[in-house]
Amino acid sequence: DFLEHRVLPFCLGHIGPALEQEDSRLAPQTKEGMNALAAAAIVAGISRVAAAGASTVEERLVAGAATKPWLFEEEQVVRLADRPDLCLTAAADGGASLELRTCGGEALERQLLFAAAHRLGPSALRLADGCVVVAANATEENAGSIHLAPCGSHGGDAFQFPSTGHGSIRLPAGQHGEELCLAPLGAAVDGAPMHMQPCRAGGHAFLLSREGPSPDGRGAFLGVNLGGWLVMESWMWPAEMEANHIHDEYSYIAKHGGPSDPQAKTRMQEHWDTFLRPEHLDRLRRFGTTHVRIPFGYWLLDQVYNESDGFVSGGEPYLARALGWLKQRGMRAVLDLHALPGGQARRQSFTGRVTPVEHFFLEDHEFERGKRAVRAMVELVQKYEASAATSGVVVGVELLNEPSNRHYDRITEFYDEMVPVVRAALPADRYLVLLSFMDSPHAKSMNWLAERIQADPGNWSGVVYDAHLYHLFGDNHAPWSEEQDYCKVCCRDSHILRPAEATGVPTIVGEYSIATGFTGWHRGGFVQKNLHNYFSLWSSASSVVGSFLWNFRILVDPAHPMRYLEWSLVDMIDQGYLDRDLAYAADVSDICPGMERSAKQCPDFSNRTVWWNTRCDWQQVGGEGRRLAATQDPILV
């Protein structure tokens, strides 16, 4: 409060007059913008100074974002929406031109914008090298119609920026005649010069930085899983695996000769190379996702790999390549140790090999190999951080995915030993540590984690709970209707997350889906409306700091084009079921803001234990909002 109400006004009181004295020709909106920018810079500086001077974890918590690695602020650059790896850049040749260049790297200093300039209404487009100015004779054919000039001498033309952070950059009609839009001259490629063209000729959409989460942790980031890539699952490649009764990656490799067979190696390398490509990340970034969760198996790690396990090695270079692609697009990643030696869950293809029992927990040598895998993952993260191509991309690690709750004590034993090991190498102000549990309700595991954080903040700060929330696998009750799923998201699911609210444990929804387990989802805009509802729930729940939709892609079987389609985000975007900028445009000001039903029609869950599959039915409302229908008891299946 002292910093906000005393120090900040004092600094702004001196900055404002200084700006007036420096250049009285500045336009009013420019001066307003610079004051706002100065305020943002002061707040950021105060936070960094306070955090740097803090000597204990408790003091750093007071200082703010330094101890909350989940707080994500997008780089202050302007990206081309169709190619988010290309950014507006001042030309490097000393000229006053503007062009598209690969984001980051040596060009980063010429791409940076002053923070928050586009949120102030019409204002200058300010790059580090100056302000964008449009010549008075700007026409569609005039490639020299745009240039950079020192901001102090001109102030820059006042552009209109998209309010959602996604859309065209426009110069209102006025001295230049009709409304003009910023666009590349010719093909949108690295090095393409920029110019203005009449908006009627078709404007290009750009991505601008959005408001980041506030210091209290609200404003959850939106992410997506890159599942099926470094751990193959049979249902995610149905034509090749499921149709041929291949249950997992182990069986797929065995079918093609085993891990030492050239055919098996070639097939795995082809899969790693093609399943994830830059164009997939372009569509995800334009959609509005900023984070990815990357599931991988322990066999990717050389320190743990053993050919006798039946897996092909060599996937790590493809992971490193993908992190470089993510960096160019301003995206972040969590590395998820999705499959442990021996398998941490039975009869699950995500473990790499379907087994009848959880050998990871039952056999000590596999348990110890799992610890070695965690240490190797930490070393891999350090390697990526030391490389200019991948530094700053990895922001978290997950130690164990969906472990069988039959071995709860073994799970907590594993976490108790490995979290301090991870934290000793990956500091809390830079890296999340995700812990997955499969109990329902989550009260027992949430309380366990809350106790650890309180008792030992030095090791457990920045540790978050990974909750997976699906509306199927037993939570899909026939007959299905759209209203059933709307009710779950808008009324019930916040109660499933209630243990996180009660304990204050930061939570990431590491997996969820718009799949229902029923046909009919493709009609009436259901998937778009329900995904919008999900986005609003994550943003409204104070305990949720981020989410990862499952999944970015499925290799849909051409013979059965609708099967599993709703699990494939890029296909849902490409086929028009989801707007390609939905996450930018979605209103997340409240839970389910677009719903016609009132919150008064939600079932009353206040005095009940809500399970992962508790039924949800909208209630009839009588006079004065009184519920008429009694809520049903939980149905456990």
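Residues numbered from 1 in each chain as written. Predicted model: local features only at pLDDT ≥ 70, side-chain atom pairs only at ≥ 80, totals over all residues. Heavy atoms only, no water.

## Quick word on the pattern of salt bridges
Spelled out, the test is: Salt bridges are defined as contacts in which a side-chain nitrogen from Lys or Arg sits within 4 Å of a carboxyl oxygen from Asp or Glu. Helical segments are the DSSP runs of H or I of at least four residues, strand segments are the runs of E of at least two, and each set is numbered from the N terminus. In this scheme, a residue with accessible area under 20% of its type's maximum is buried, one over 50% is exposed, and one in between is partly exposed, where area comes from a 1.4 Å probe on protein chains only.
Per the stated rule, a full pass over the model turns up 36 salt bridges. Put simply, arginine 329 and aspartate 85 hold a salt bridge, and the shortest N to O gap is 3.8 Å. Of this pair, arginine 329 sits in the loop between helix 8 (316-328) and strand 14 (332-339) while aspartate 85 sits in the loop between strand 1 (79-80) and strand 2 (86-90), placing them 244 residues apart in sequence. Glutamate 413 serves as the salt-bridge partner of arginine 410, at 3.3 Å between the closest nitrogen and oxygen. Within this pair, arginine 410 and its partner glutamate 413 are both found in helix 11 (residues 408-425), separated by three residues, close to a single helical turn. Among the residues examined, arginine 410 registers a relative accessible area of 18% and is labelled buried. With a relative accessible area of 37%, glutamate 413 lands in the partly exposed category. The structure contains a network of salt bridges with shared partners spanning Arg293, Asp336, Glu398, Asp466 and Glu511.

## Looking at the packing of helix 8 against helix 10 (residues 364-385)
Filter applied, for reference: To get an axis, a line is fitted to the C-alpha atoms, and for a helix only the part in contact is used. The angle between two axes follows their N-to-C directions and goes from 0 to 180 degrees. Here is the rule for angles: anything less than 35 degrees is roughly parallel, anything more than 145 is roughly antiparallel, 65 through 115 is roughly perpendicular, and the remaining ranges are oblique. A clockwise turn of the near helix away from the far one marks a right-handed crossing, whereas an anticlockwise turn of less than a right angle marks a left-handed crossing. The contact criterion used is simple: two residues touch if any of their non-hydrogen atoms lie within 4.5 Å.
Where helix 8 meets helix 10, the closest approach of the two axes is 12 Å, and the angle between their N-to-C directions is 45°. Between helix 8 and helix 10, the angle is such that the two are oblique. Note that helix 8 runs across helix 10; the crossing there is right-handed. Residues Glu316, Leu319, Ala320 and Leu323 of helix 8 lie in contact with helix 10, whose contacting residues are Leu380, Lys383 and Tyr384.

## Here we look at the pairing of strand 13 (residues 291-297)
Stated precisely, the cut-off is as follows: If DSSP finds at least two bridges between two strands, the strands pair. Orient the strands so they point away from the viewer, and a crossover whose first-strand-to-second-strand path over the helix runs clockwise is right-handed.
Burial within strand 13 is extensive, with seven of its seven residues counted as buried. Neither face of strand 13 is open: one carries His291, Arg293, Pro295 and Gly297, the other Val292, Ile294 and Phe296, and all of them are buried. Both strand 12 (residues 221-225) and strand 13 contribute to a ladder of three bridges, which runs parallel. Counterpart to glycine 223 in the pairing with strand 13 is histidine 291. Sheet topology places strand 13 next to strand 14; seven bridges connect them, and they run parallel. Opposite phenylalanine 296, over in strand 14, you have leucine 337 as the bridge partner. The parallel pair strand 13 and strand 14, bridged by helix 8, forms a crossover whose chirality is right-handed.

## Brief notes about the packing of aromatic side chains
Applicable threshold: Stacked, tilted and edge-to-face are the three classes applied to pairs of Phe, Tyr and Trp rings, where Trp contributes its six-membered ring and a pair requires centres within 6.5 Å; stacked means planes under 30 degrees apart, edge-to-face means over 60, and tilted covers the rest. Placement of a charge over a ring requires the Lys NZ or Arg CZ to be within 6 Å of the ring centre, with the centre-to-atom vector within 35 degrees of the ring normal.
Tallying each qualifying case throughout the model produces 32 aromatic pairs. When the centroid spacing of 5.6 Å and the interplanar angle of 45° are considered together, the rings of tryptophan 237 and tyrosine 252 count as tilted. Here tryptophan 237 is found in the loop between strand 12 and helix 5 (249-255), whereas its partner tyrosine 252 is found in helix 5, with 15 residues between them in sequence. The residues tryptophan 237 and tyrosine 252 share a single accessibility class, namely buried. Following the ring pairs from residue to residue traces out a cluster consisting of Phe360, Phe361, Phe367, Tyr408, Phe414, Tyr415, Phe437, Trp448, Trp460 and Tyr465. Its guanidinium or amino end placed over the ring of tyrosine 486, lysine 529 lies 5.1 Å from that ring's centre, counting from NZ or CZ. For the cation-ring pair, arginine 553 lies above phenylalanine 275, with the distance from its terminal atom to the ring centre recorded as 5.4 Å.

## Some details on the sheet that holds strand 8 (residues 170-171)
Strands pair in a sheet through their backbones, by hydrogen bonds, and they do so in one of two ways: parallel or antiparallel. With antiparallel pairing, the three strands of this open sheet are ordered in space as 8-9-10. Both edges of this open sheet fall to strand 8 and strand 10 (194-198), since each of them pairs with a single strand only.

## Digging into the nonpolar core
What counts, and what does not: Residue types Ala, Val, Leu, Ile, Met, Phe, Trp, Tyr and Cys, when buried and joined through side-chain atoms within 4.5 Å, form a set referred to as a nonpolar core.
Formed by 122 residues in total, the largest nonpolar core has its most connected members in Ile294, Leu399, Tyr415, Leu435 and Trp538. The element that contributes the greatest number of residues to this core is helix 10, accounting for nine residues. Other than its neighbours up to four places away in sequence, leucine 399 contacts Leu337, Leu340, Val374, Met377, Phe414, Tyr415, Met418, Val419, Val422, Val433, Leu434 and Leu435. Ranked by size, the runner-up nonpolar core spans 25 residues in total, among them Leu80, Leu98, Leu148 and Ile169.

## Thoughts on the packing of helix 14 (residues 482-496) against helix 16 (residues 526-540)
Convention followed: Charged means Asp, Glu, Lys or Arg here, nonpolar means Ala, Val, Leu, Ile, Met, Phe, Trp, Tyr, Cys or Pro, and polar covers whatever is left, Gly included.
Interaxial distance between helix 14 and helix 16 falls to 10 Å at its minimum, and their mutual angle equals 0°. Taken as axis vectors, helix 14 and helix 16 run roughly parallel relative to one another. Counting all contacts with helix 14, which are made through Glu482, Asp485, Tyr486, Val489, Cys490, Asp493 and Ser494, the residues of helix 16 involved are Phe526, Lys529, Asn530, Asn533, Tyr534 and Leu537. Classifying every residue of the contact of helix 14 with helix 16 gives six nonpolar, three polar and four charged.

## What to know about unusual backbone geometry
The residue after serine 440, namely proline 441, is reached through a cis peptide bond having omega -5°. Looking at the secondary structure, you find proline 441 in the loop between strand 16 (432-436) and helix 12 (443-455). Residue asparagine 551 is reached from tryptophan 550 by a cis peptide bond, and omega for that bond is 15°. Here asparagine 551 shows up in the loop between strand 19 (544-549) and helix 17 (569-574). We note that arginine 347 has phi near 55°; this positive angle belongs to a residue other than glycine. As for its placement among the helices and strands, arginine 347 is situated in the loop between strand 14 and helix 9 (359-362). Assessed through its relative accessible area of 54%, arginine 347 is described here as exposed. The phi angle at tyrosine 564 is positive, at roughly 70°, despite the residue not being glycine. Relative to the helices and strands, tyrosine 564 resides in the loop between strand 19 and helix 17. Of the residues examined, tyrosine 564 reaches a relative accessible area of 18% and is grouped as buried.

## Considering the environment of serine 391
Looking at the secondary structure, you find serine 391 in the loop between helix 10 and strand 15 (394-398). Note: C-alpha distance between serine 391 and lysine 327 (64 residues apart in sequence) is 8.0 Å. Apart from the residues lying within four places of it in its own chain, the contact partners of serine 391 are Lys327, Tyr384 and Glu385.

## Observations concerning the confidence of the model for the protein chain
We count it as follows: Note on scores: pLDDT gives the predictor's confidence for each residue, bounded by 0 and 100.
The predicted model of the protein chain has a mean per-residue pLDDT of 83, with 81% of residues at 70 or higher. This stretch, residues 213-218, has a pLDDT under 50; its non-local contacts, to residues over four places away or in other chains, come to 17 contacts.

## Points about helix 14
Heads up, the condition is: By this rule, a helix spans an expected 1.5 Å times one less than how many residues it contains. To get the bend at a given residue, fit one axis to the seven residues ending there, fit another to the seven starting there, and take the angle between those axes.
If you check helix 14, its first and last C-alpha atoms are 20 Å apart, about what 15 residues at 1.5 Å a residue would give, namely 21 Å. Its axis deflected by about 45° at valine 489, helix 14 carries its strongest bend there. Buried residues dominate helix 14, accounting for eleven of its 15 residues. Those residues of helix 14 that fall on the buried side of the exposure criterion are Gln484, Asp485, Tyr486, Cys487, Lys488, Val489, Cys490, Cys491, Arg492, Asp493 and Ile496.

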